[in-house]
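Summary of structural features
Each chain is listed here by its residues.
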Amino acid sequence: EVKDFMETKIIEATDGAKNWGEWSRPEQLAYAAGFFDGEGSVSIASPNKASGSSYSLIADIGQANPAPLVWMKTLWGGSLVAKKPNATRRASYSLHLTCRLAARFLQDILPYLLIKREQAILGIEFQRHKRNLGGAGLSTEARAQESEVKHRMWELNGRYGKHANQVHRGEPSI
């Protein structure tokens with residue numbers, strides 16, 4: 001039942017997304033940037049210790065209407081996720097881009113970003129750094145650097161609140 005619901009909504013959204021294909025590339029990038037500034041987020045995910053993975057760049061965009069997300073997925077890839085409505089929440093959708101896909105998306109829309117520009121720059125630099133180092137078998141120092149970038153992203157996203165500098169430096173928060 002959930003799968004049928006998701007497929008129906010995504011098919012409906014695909015039909016609505018066709019009009020965006022008529023825009024010029026700068027129009028597409030400007031729209032995607034504005035949409036991302038309002039509905040998106042940039043983060044650095046912690047490694048999965050069980051699998052030995054390293055930190056990962058993530059760009060997420062959430063929306064109640066899947067059409068713009070389907071359109072962006074056709075341009076940049078990623079995973080489209082649907083959440084079925086329940087008694088307290090309407091249906092919602094998110095486009096999830098990771099690592100190189102996220103960096104390419106952020107690089108493309110960077111000239112048009114206003115709100116999330118610093119996060120995008122940090123994410124792009126983070127991914128460029130990862131490409132140069134490789135993922136598996138990172139040194140302790142490299143992992144510490146990645147952790148620092150994650151904490152800087154938290155600061156930019158307001159995750160630490162008003163005591164961001166104290167928490168980041170390991171000082172007790174008040």
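This section reports on the structure supplied with the text. (Residues numbered from 1 in each chain as written. Predicted model: local features only at pLDDT ≥ 70, side-chain atom pairs only at ≥ 80, totals over all residues. Heavy atoms only, no water.)

Counting buried residues in helix H3 (residues 67-76) gives seven out of ten residues, a clear majority hidden from the surface. Buried within H3 are the following residues: Ala67, Pro68, Leu69, Val70, Trp71, Met72 and Trp76. Looking one or two residues beyond H3, the residue adopting positive phi is Gly77, at roughly 80°. (Buried < 20%, exposed > 50% of the residue type's maximum accessible area, 1.4 Å probe, protein only. Helix = DSSP H or I, 4+ residues; strand = E, 2+ residues; numbered from the N terminus.)

So, about the side chain of Gln119. Its location among the elements puts Gln119 in helix H5 (residues 117-133). Excluding residues within four positions of it along the chain, Gln119 makes contact with Val42, Met153, Leu156 and Asn157. (Contact = heavy atoms within 4.5 Å.)

Before going further, it helps to spend a moment on the packing of H3 against helix H4 (residues 99-109). Viewed as axis vectors pointing N to C, H3 and H4 meet at an angle of 105°, and their least axial separation amounts to 11 Å. By the angle class used here, H3 and H4 are roughly perpendicular. Of the residues in H4, those in contact with Met72, Leu75 and Trp76 of H3 are Leu101, Arg104, Phe105, Asp108 and Ile109. (Axes fitted to C-alpha atoms, helices over the stretch in contact; angles between N-to-C directions. Parallel < 35°, antiparallel > 145°, perpendicular 65-115°, else oblique.)

Pairing of strand S1 (residues 40-45) with strand S2 (residues 56-63), which is carried by six bridges, proceeds in the antiparallel orientation. Counterpart to Ile44 in the pairing with S2 is Leu57. Bridge count for S2 against strand S4 (residues 92-98) is six bridges, and the pairing is antiparallel. Looking at the pairing, Gly62 lines up with Ser94 of S4. (Pairing = 2+ DSSP bridges.)

Pairing is antiparallel across the open sheet formed by four strands, whose spatial order is S1-S2-S4-S3. Pairing within the sheet leaves two strands with one partner each, and these edge strands are S1 and strand S3 (79-83). If you compare each strand with its neighbour and ignore which way they point, the axes differ by 25° on average.

This brings us to the environment of Ser94. When you line up the elements, Ser94 lands in strand S4. A relative accessible area of 23% means that Ser94 is categorised as partly exposed. Through-space distance from the C-alpha of Ser94 to that of Asp60 is 6.6 Å; in sequence the pair is 34 residues apart. For Ser94, the contacting residues outside a window of four places in its chain are Ile61, Gly62, Leu69, Ser79, Leu80 and Val81.

This model, assessed by the stated rule, comprises five salt bridges. One salt bridge in this structure joins Arg25 and Asp108, with 3.2 Å as the shortest N-O distance. Here Arg25, found in helix H2 (residues 25-39), pairs with Asp108, found in helix H4; they are 83 residues apart in sequence, far enough to count as distant. The class for Arg25 is partly exposed, based on a relative accessible area of 36%. Between Glu118 and Arg152 there is a salt bridge; the shortest N-O distance is 3.8 Å. Separated by 34 residues along the polypeptide, Glu118 in helix H5 and Arg152 in helix H6 (residues 140-156) bring together distant segments of the chain. Each of the salt bridges in this network shares a partner with another, and the network as a whole consists of Glu118, Arg152 and Glu155. (Salt bridge = Lys/Arg side-chain N within 4 Å of Asp/Glu carboxyl O.)

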